[in-house]
Structures are given as structure tokens and as C-alpha cells.
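Spelled out, the chains give:
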Amino acid sequence: MRRVEHLLLDLPAIEGKPSSSRRLDVLGTAHLPPKGSAATKSSADLAFLFFNAGHVPREGHAGTIARVADRLAASGFPAYRFDLPGLGDSPGEIPAGLEDFFFSVHDGVFGPAALQIARAVVPRSGCSRLVLGGLCGGAATALLVADEAPEIVAGLVALEPEFVRPGGVTPQDVKGKLTNRGSWLRMLTGHSQYSDRLRFVSAVILPLVGRWLLPAEANRVLVRSYRALVRRRIPCLIMLAEGKPRELFYDQLNKLLFRGKPGRHVSSIPIPNTNHIFTSGGAAERIVREVGDWAERSFVGRV
């Protein structure tokens, strides 16, 4: 069953506009399991909450997030998706330019609103914890909330997570590569034409240099949040377009932080022959299936 939801948020004033009104009524959709079903009784004490993918309304590209939420509800998990301020059906202001908007998402523009929504959904759902999720910017917002409120986070569904701020430039000359942390990270994790020359020393060097190799454009808050979830053994589902930049950087990140082995509680699934928003190659159908199956494996029957 789907139900329209309203939440009244009290947000800080917009920077440079101290008198701006920030009391906003944001809209969302709840996907509720059938009452008394066997699935409801067997599912863990948690709900799912999805955030907007970039500037796209809460149903997601081609309605994928709405279909994921329907699948979760059928398995007994309440699932919520809210339009953040300025997106979809929710009032509010966002940067006009696309690049400025994506930079603002990385800088946490939706953090306060998303955190309030998450804290409100917990009692509203009748559950004590949430699995947070989203695609690209939605995954970034989910990680920001997880960093601020780890006590309510039971899991993460990150579709094409973006751990690097937009606009990074890779040096093309040899001197530039030798002084660039991102270039060294690629070399030591097997993603460079020079990696073969360093394969015998990379296992020694990586643990020693640690986070020094994170490129300047890496979003350290998101990296910190992901590392904390993995260390706490929080179930994570990461789905990425195979062979695309985000999958490559995610592999580099895992090799840097966890020597390539984040643990069995982290499920990383590459999706072949698709794009960043999973609208080609039958990827949307697979996303719906994989999220539902993962939720049942990870949480059904757990207390």
C-alpha cells in the first residue's frame, strides 16, 4: 500500500539570508507492507528510507526507486522516499546551476533536512532503525546522515555512490602524475599502466601511506562514513555500473581502506552494459530484484 506523507521541517536559515523562512512541509511516499502478512512478522525491526538522486523527484529515474520500495514492502519492510527541499513536490531553494547543485550536495546542503526526515521516519514507521539509500547524490546524502546519526542506521543501499567531488582533473604529464595523489592511488591499486611495475611493493606501501593517497577531490566525510559503517559491520549493498569511473574508484577505495576485503557484510555488485542511472541494459529490473533479495538475506529473521 502506498500513502502520501507530510513532514514539517525546521531548518537553519539560508546562508546570507538570516531572515529567510525555513519551515518547510516536505512530501514523501510510504510503501507499507500488508498488515498481518507473514512477511511483516518475519522482517526485522527496521524501515528503508531513500533520498533523491541528484535533482530527480523521489520516484527515481524511470521510477526505479518507487519499484524498489514496492518490492521491499512486499517483503515486509516499510519503505519511505521523501523529496528533499527544493526537489520534486517539496518547496525550497536549490542552486540554479547543475554544477553548483552537485557541489552543494557534496557539501551537505541536504544534510540537516535529511537528518530530520530520518529521525521522524523512525517513530512514524514503528521501527527503531533505518536502512538508508539512494543513487549518486542520494547515496551521498545517506552517508552524510549515517555519519551524523549512526545509532539509527541498520544498513546502506548505495547505487553508484560518488565519493569524489565533481570537476577533478587527472594530470597527463609524467611530472604531474608523480606529484598527484590520485595517480599514485591508481598505480598502487592496479588501475594504471604503471601498476605492473609496482605490484610487488603496493601491498607494503598502501597500509603505510593510508589516507594520504586520497585525491584532493575526494569527499572525506563520505569516505569516513563508509569506513565507519564497514568497521561496525553494518550491512551495505553497493551497486555500480561495471567498468565506469565510480566502480573503479570504489575498488581503489576498498584496497586503500581494507586491502580490498571490506568483509562479507558488504555486497558489491557490478551491473554490466548500463549507464550511471541504470536505465539501460535491463539494469532497473535487476536493481529492484537485487535490493529486495539482499534485504531478505540480510535482515529477515534478525532481531
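Here the structure is a predicted model, which means the values were calculated and not measured.

Cut-offs used in this document
- Residues numbered from 1 in each chain as written.
- Predicted model: local features only at pLDDT ≥ 70, side-chain atom pairs only at ≥ 80, totals over all residues.
- Heavy atoms only, no water.
- Salt bridge = Lys/Arg side-chain N within 4 Å of Asp/Glu carboxyl O.
- Helix = DSSP H or I, 4+ residues; strand = E, 2+ residues; numbered from the N terminus.
- Buried < 20%, exposed > 50% of the residue type's maximum accessible area, 1.4 Å probe, protein only.
- Contact = heavy atoms within 4.5 Å.
- Polar contact = N/O pair within 3.5 Å; in protein donor to acceptor, adjacent residues only side chain to side chain.
- Phe/Tyr/Trp six-rings, centres within 6.5 Å; stacked < 30°, edge-to-face > 60°.
- Expected span 1.5 Å × (residues − 1).
- Pairing = 2+ DSSP bridges.
- Right-handed = clockwise from strand over helix to strand, strands pointing away.
- Axes fitted to C-alpha atoms, helices over the stretch in contact; angles between N-to-C directions.

Peer 1: For this particular structure, what's the right way to read the pattern of salt bridges?
Peer 2: Side chains that differ in charge, positive against negative, can pair when their charged atoms come close. With the rule as written, the count across this model stands at 16 salt bridges. The shortest N-O distance in the salt bridge between Glu 285 and Arg 67 comes to 3.8 Å. Of this pair, Glu 285 sits in helix H11 (residues 283-299) while Arg 67 sits in helix H2 (residues 64-74), and the two are 218 residues apart along the sequence. Assessed through its relative accessible area of 44%, Glu 285 is described here as partly exposed. Taking the relative accessible area as the measure of exposure, Arg 67 reaches 33% and is therefore partly exposed. Its salt-bridge partner being Asp 293, residue Arg 71 comes within 2.7 Å of it at the nearest N-O pair. Here Arg 71 is found in helix H2, whereas its partner Asp 293 is found in helix H11, with 222 residues between them in sequence. For Asp 293, a relative accessible area of 28% translates into the label partly exposed. Several salt bridges share partner residues, and in doing so they unite Arg 3, Glu 5 and Arg 124 into one network.

Peer 1: Whenever I open this one, the environment of His 106 confuses me. Can you help?
Peer 2: Here His 106 is to be found in helix H3 (residues 98-106). Classification of His 106 as buried rests on a relative accessible area of 7%. Separated by 116 residues in sequence, His 106 and Leu 222 have C-alpha atoms that sit 8.6 Å apart. Excluding its chain neighbours within four sequence positions, the residues that come into contact with His 106 are Glu 162, Phe 163, Val 164, Arg 165, Pro 166, Asn 219 and Leu 222. At 3.5 Å, the side chain of His 106 forms a polar contact with the backbone oxygen of Val 164.

Peer 1: Help me out: how do you make sense of the packing of aromatic side chains in this one?
Peer 2: Between two aromatic rings, the relevant description is the distance of the centres plus the angle of the planes. Here the structure, examined in full by the defined rule, presents nine aromatic pairs. Note on Phe 101 and Phe 102: the rings are 5.4 Å apart at their centroids and 70° apart in plane angle, and the pair reads as edge-to-face. In this structure an aromatic cluster arises from ring pairing among Phe 48, Phe 50, Phe 77, Trp 294 and Phe 299.

Peer 1: Hey, could you run me through H11 in this one?
Peer 2: Three- or four-residue spacings in an α-helix give side chains the same orientation, since the helix completes a turn every 3.6 residues. Its 17 residues place the ends of H11 24 Å apart at the C-alpha level, agreeing with the 24 Å of an ideal helix rising 1.5 Å per residue. All of the buried residues in H11 are Ala 283, Ala 284, Ile 287, Val 288, Glu 290, Val 291, Gly 292, Trp 294, Ala 295, Ser 298 and Phe 299.

Peer 1: What's the story with the pairing of strand S8 (residues 266-271) in this structure? I'm lost.
Peer 2: Strand residues, when the strand is regular, have side chains that alternate between the two faces of the sheet. Pairing geometry for strand S7 (residues 236-241) and S8, over six bridges, is parallel. When the bridges of S8 are listed, Ile 238 appears paired with Ser 268. Handedness of the crossover is the feature at issue here: the chain leaves S7, passes through helix H10 (residues 245-258), returns alongside S8, and the resulting connection is right-handed.

Peer 1: Help me understand the sheet that holds strand S6 (residues 153-159) in this model?
Peer 2: Strand pairs in the sheet, formed through backbone hydrogen bonds, run parallel or antiparallel to each other. On the basis of which strands lie adjacent, the open sheet formed by eight strands has the order S1-S2-S4-S3-S5-S6-S7-S8 and mixed pairing. Two strands in the sheet have a free side with no partner beyond their single neighbour: strand S1 (2-10) and S8. The sheet shows a mean angle of 20° between the axes of neighbouring strands, direction not considered. Judged from the nine bridges that link them, S1 and strand S2 (residues 23-31) form a sheet pairing that is antiparallel. Across the sheet, the residue bridging to Leu 9 is Leu 24, located in S2. Relative to strand S5 (residues 129-135), helix H5 (residues 137-148) is tilted by about 150°, and along the sheet it contacts S5 and S6. Along the sheet, H10 makes contact with S7 and S8, crossing S7 at roughly 135°.

Peer 1: Hey, could you run me through the side chain of Thr 274 in this one?
Peer 2: As for its position among the elements, Thr 274 is in the loop between S8 and H11. Reaching out from Thr 274, the side chain makes a polar contact with the backbone oxygen of Ser 280 at a distance of 2.9 Å. Look past the residues within four positions of Thr 274 in its chain and what remains in contact with it is Ala 241, Lys 244, Thr 279, Ser 280 and Ala 283.

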